[in-house]
Amino acid sequence: MRPFWLEQALHTDTSETCAPLQGEVRTDVCIVGGGYTGLWTAIMLKQQNPELDVLLIEADICGAGASGRNGGCALSWSAKYFTLERLFGVEEAVRLVKESERSIHAIGEFCEQYGVDADYRLDGTLYTATNRAQVGSTDAVIAALERNGINSFSQRPLADVQRMAGSAKHLEGWFSPAAASVQPGKLVRGLRRVALQLGVKIHENTAMTGLEEGRPARIHTATGRVVADRVVLAMNAWMARAFPQFERSVAIVSSDMLITEPRPELLQEIGLTSGVTVLDSRIFVHYYHNTPDGRIMLGKGGNTFAFGGRMLPVFDQPSPYAGLLKRSLGDFFPAFAEVKVDATWNGPSDRSVTGLPFFGQMSSSGNVFYGFGYSGSGVGPCHMGGQILASLVQGLDNPWTRSPLVNGPLGYFPPEPIRYLGSLMVRNAIRRKERAEDHGRLPRHLDVRLAKFAAAAGKADKA
């Protein structure tokens, strides 16, 4: 059984699965991974250089990883401004905020140009507070955006916030029009169709079993091998297991989601009628949006941690946190408390130390490129990832290849078992802290201090 979004997308995408690789093939560029990052890179390479021979291999089917099962919130990096400025300086931080907003619009333009029906709705986002402790927590980052002339957020009157968000649980809200919601499975399958249309060769059910660096590089699979001048590794959460040098650059943690049955009349009643994405100010954030067919999708980050970056069986099963998600659904929307949940699922998210992805080149031959670490916020930024990797592959000199984003990991987690035990300790401290705040109590000092270790996991920087 596939996660809900991908299952739904496959009902309308009746195309044949691309045949596995057989024997040896030669290509200019081999991309490993058929999710957003790999497919955007392939498409951009063909758009910019149609003569280039581009071949993509995918271990399962395109979209089987995070791209087919995320929350569908296409957000910019504006609320991560403090992190961007701290890491890269004001000028690059401003550029990246602008580019991240441009990518949101570009995804919609792409869907229009190629007739991709991904339920793309440019209806903006609301960053909210759902308890007194969260009120005012995004003021400082929005003030910094304002100072730099890049602020798209406006604070809305409480009645507007509660009406737009469909819930009286919100106590304040900042709205930005520079965000969208999508059906992630439909988007990734649409990208696959366009890649094939542009002449990208795709082999599904073709896992990489080994990489021989050199000029050319050789990518081994169970039934063949690819000889390629350049290689792009777009495996995201799977990178940490495939290449030991990246094991400590990300922590693998689940994001868990549920989706209700269609109840369009109830959505009308509560006022959640646009495709706005709504996020609270927790570290392990609640996020939700409706769907054009009248459902609510609600998710929560930071639940299951994987020891040593392993891909746990639970990542391909219904969410073990279904009860928690159902309670959250009832808290936000009492009218939906008894509505049937059609599906729950979860998946591995590659959390970097900074909460931002990183890119680079990892071969002494200078021809193997990678990008991952989207930290649960990849729908919009993967479009930037495609631009970065397509630029690196072609050896271009542009703002993407000059960006400090291409300098590899910007921090490492401690080795195991410290990382795993520490993650659980911090997660449990955050849960206690946020439970206390929800009940109007002051959290324990130790829990507050421990929670700071996970600050990068939040969707918005706090001062």
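Residues numbered from 1 in each chain as written. Predicted model: local features only at pLDDT ≥ 70, side-chain atom pairs only at ≥ 80, totals over all residues. Heavy atoms only, no water.

The protein chain carries the name Aminophosphonate oxidoreductase in an unreviewed UniProt entry, which gives Pseudomonas helmanticensis as its organism.

> What should I look at first to understand the sheet that holds strand β16 (residues 341–352) in this one?
Sheet strands pair by backbone hydrogen bonding; their relative direction is either parallel or antiparallel. One open sheet accounts for eight strands, arranged β5-β6-β4-β13-β14-β15-β12-β16; its pairing is mixed. Two strands in the sheet have a free side with no partner beyond their single neighbour: β5 (154–155) and β16. Here strand β12 (residues 250–260) pairs with β16 via eleven bridges, running antiparallel. Bridge pairing links alanine 251 to arginine 351 in β16. (Pairing = 2+ DSSP bridges. Helix = DSSP H or I, 4+ residues; strand = E, 2+ residues; numbered from the N terminus.)

> Mind showing me how you'd approach the packing of helix α4 (residues 90–114) against helix α11 (residues 381–393) here?
α11 packs onto α4 with a crossing angle of 105° between their chain directions and a minimal axis gap of 8 Å. In terms of orientation, α4 lies roughly perpendicular with respect to α11. Contacts from Leu96, Glu99, Ser100, Ser103, Ala106 and Ile107 of α4 reach α11 at His383, Met384 and Gln387. Its residues assigned to classes, the contact of α4 with α11 comprises four nonpolar, four polar and one charged. (Axes fitted to C-alpha atoms, helices over the stretch in contact; angles between N-to-C directions. Parallel < 35°, antiparallel > 145°, perpendicular 65-115°, else oblique. Contact = heavy atoms within 4.5 Å. Nonpolar A, V, L, I, M, F, W, Y, C, P; charged D, E, K, R; others polar.)

> Any chance you could explain the pairing of strand β9 (residues 208–212) here in plain terms?
Both faces of the sheet carry side chains from a regular strand, because those side chains alternate between them. Taken together, the four bridges between β9 and strand β10 (residues 217–221) define a ladder with antiparallel strand orientation. Along β10, the bridge assignment pairs leucine 211 with isoleucine 219. The antiparallel pairing of β9 with β10 creates a hairpin that spans four residues between the two strands, and glycine 214 there sits at a positive phi of about 145°.

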